[in-house]
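Structure assessment
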Amino acid sequence: MTVQQANHHLVFQLYHLYDEREARNIADLVMERVTEWQKIDRLINKHVMLSPSKEQLLAALTQQLAAGKPVQYVLQEAWFYGLSFYVDERVLIPRPETEELVKWAIDETRLLLQSMPAGLQLTLLDVGTGSGCIPIPIKKTLPDIDIVACDISGDALAVAAGNANRHHAPVHFVETDFLNTDSWSCLPTADIIISNPPYIPAREQTSMASHVTAHEPHQALFVSNERPLQFYEALVSFARTQEKKANVLAEIHESFGNDVAELFRSHDFYDITLREDLQGKHRMVKATFEKDRN
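We now turn to the structure provided with this report. Given the structure is predicted, the values throughout are model-derived calculations rather than measurements.

1. Points about the sheet that holds strand 5 (residues 172-175)
Picture the strands of a sheet paired through backbone hydrogen bonds; they go either parallel or antiparallel. Taken in spatial order, the seven strands line up as 5-4-3-6-9-11-10 in an open sheet, and their pairing is mixed. Each having just a single partner strand, strand 5 and strand 10 (270-276) make up the two edges of the open sheet. Sheet twist, expressed as the mean angle between neighbouring strand axes with direction ignored, is 15 degrees. Pairing analysis gives four bridges linking strand 4 (residues 146-151) to strand 5, with the strands arranged parallel.

2. As for the pattern of salt bridges
A full pass over the atoms with the stated rule returns 15 salt bridges. Residues Arg 90 and Asp 88 are paired through a salt bridge, measuring 2.8 Å at the closest nitrogen-oxygen approach. For Asp 268, the salt bridge is made with Arg 240, and the minimal N-O distance between the two is 3.8 Å. One end of the pair, Asp 268, is in the loop between helix 11 (257-266) and strand 10; the other, Arg 240, is in helix 10 (residues 230-240), and 28 residues separate them in sequence. Residue classification places Asp 268 among the exposed residues on the basis of a relative accessible area of 54%. The exposure class of Arg 240 is partly exposed, given its relative accessible area of 32%. Bridged by salt links that share partners, the residues Glu 97, Glu 251, Asp 277 and Arg 283 form one connected network.

3. Thoughts on a nonpolar patch on the surface
Nonpolar side chains collect at one region of the surface, where Ile 40, Leu 43 and Ile 44 lie side by side and expose about 330 Å² of accessible area between them. Considering the arrangement of structural elements, one finds Ile 40 in helix 3 (residues 39-44).

4. Topic: the nonpolar core
By size, the foremost hydrophobic cluster in this structure holds 35 residues, and its most contacted members are Ile 193 and Tyr 232. Taken together, the elements giving at least two residues each to this core come down to strand 3 (123-127), strand 4, helix 10, strand 9 (246-251), helix 11 and strand 11 (282-289). Looking at this core, the element that brings in the most residues is helix 10, giving six residues. The contacts of Tyr 232, once residues within four sequence positions are left out, are Pro 197, Tyr 199, Ala 250, Glu 251, Ile 252, His 253, Val 260 and Leu 263. With 29 residues, the next largest nonpolar core counts Leu 122, Ile 134, Ile 147 and Leu 157 among its residues.

Cut-offs and rules
Residues numbered from 1 in each chain as written. Predicted model: local features only at pLDDT ≥ 70, side-chain atom pairs only at ≥ 80, totals over all residues. Heavy atoms only, no water. Pairing = 2+ DSSP bridges. Helix = DSSP H or I, 4+ residues; strand = E, 2+ residues; numbered from the N terminus. Axes fitted to C-alpha atoms, helices over the stretch in contact; angles between N-to-C directions. Salt bridge = Lys/Arg side-chain N within 4 Å of Asp/Glu carboxyl O. Buried < 20%, exposed > 50% of the residue type's maximum accessible area, 1.4 Å probe, protein only. Patch = residues over 30% accessible without salt bridge, like charges linked within 9 Å, V, L, I, M, F, W, Y side chains within 5 Å. Areas by Shrake-Rupley, 256 points an atom, 1.4 Å probe, with all protein chains shown as cover. Core = buried A, V, L, I, M, F, W, Y, C linked by side-chain atoms within 4.5 Å. Contact = heavy atoms within 4.5 Å.

Now the structure itself:
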């Protein structure tokens, strides 16, 4: 089987799961892993025969993909903010909109650093870190700040710690249930609190792609239908316990932007900003709380 034939066969196997564009994008990722050639090299060498070992690897990967397993889990790799992250079914697959949240957090952190007196240390807390895709690029970009990241899942934290080591990004990881207020004593006083928490009501599972619901960790995706804002309520309460000004940035469900903004407003936060993603949907919020502001 030639490189070209292998690519065509793989795309054909994916048509029953994905539209043509996504099937071709997935095939590109897989063929790069199998051949160890980038796309231009595969085009130049399209008539080169795959070795038996490469054909076996392609067959194994194709079998997993045809069963609906996301390509990031099949390859155990997801690119995020220009960095390669190890991922498996213990953690969510990083999404592009979360990259926008990271960029916003970096911009806001830089502004805070400019206004801070010399010698003071800025601390950022990431709540629900998963693969570590939020704190690691921030630490790589702003190495002088302290970063702590927490998650309820010890398995997820193992993945995150591995990614931090891989990228030489010293982040302190803490296993804790953030919804349990008794656990907050193990968390630092934070200038910036960032989170991509679970926010999808459980009822929406039936309308979501099967490769998401069948493989990605439900604990990191879904909340109860009765309390879809429970993690934002916890973020609000935690921020109000901080000794100094707390800046909160979080990813949100597109349908709950106004509800989340009102939650912050009703608890005396200010500078509340909803931000749209590249598709024009409200997917991020920023708010600030400061004790004795008035």
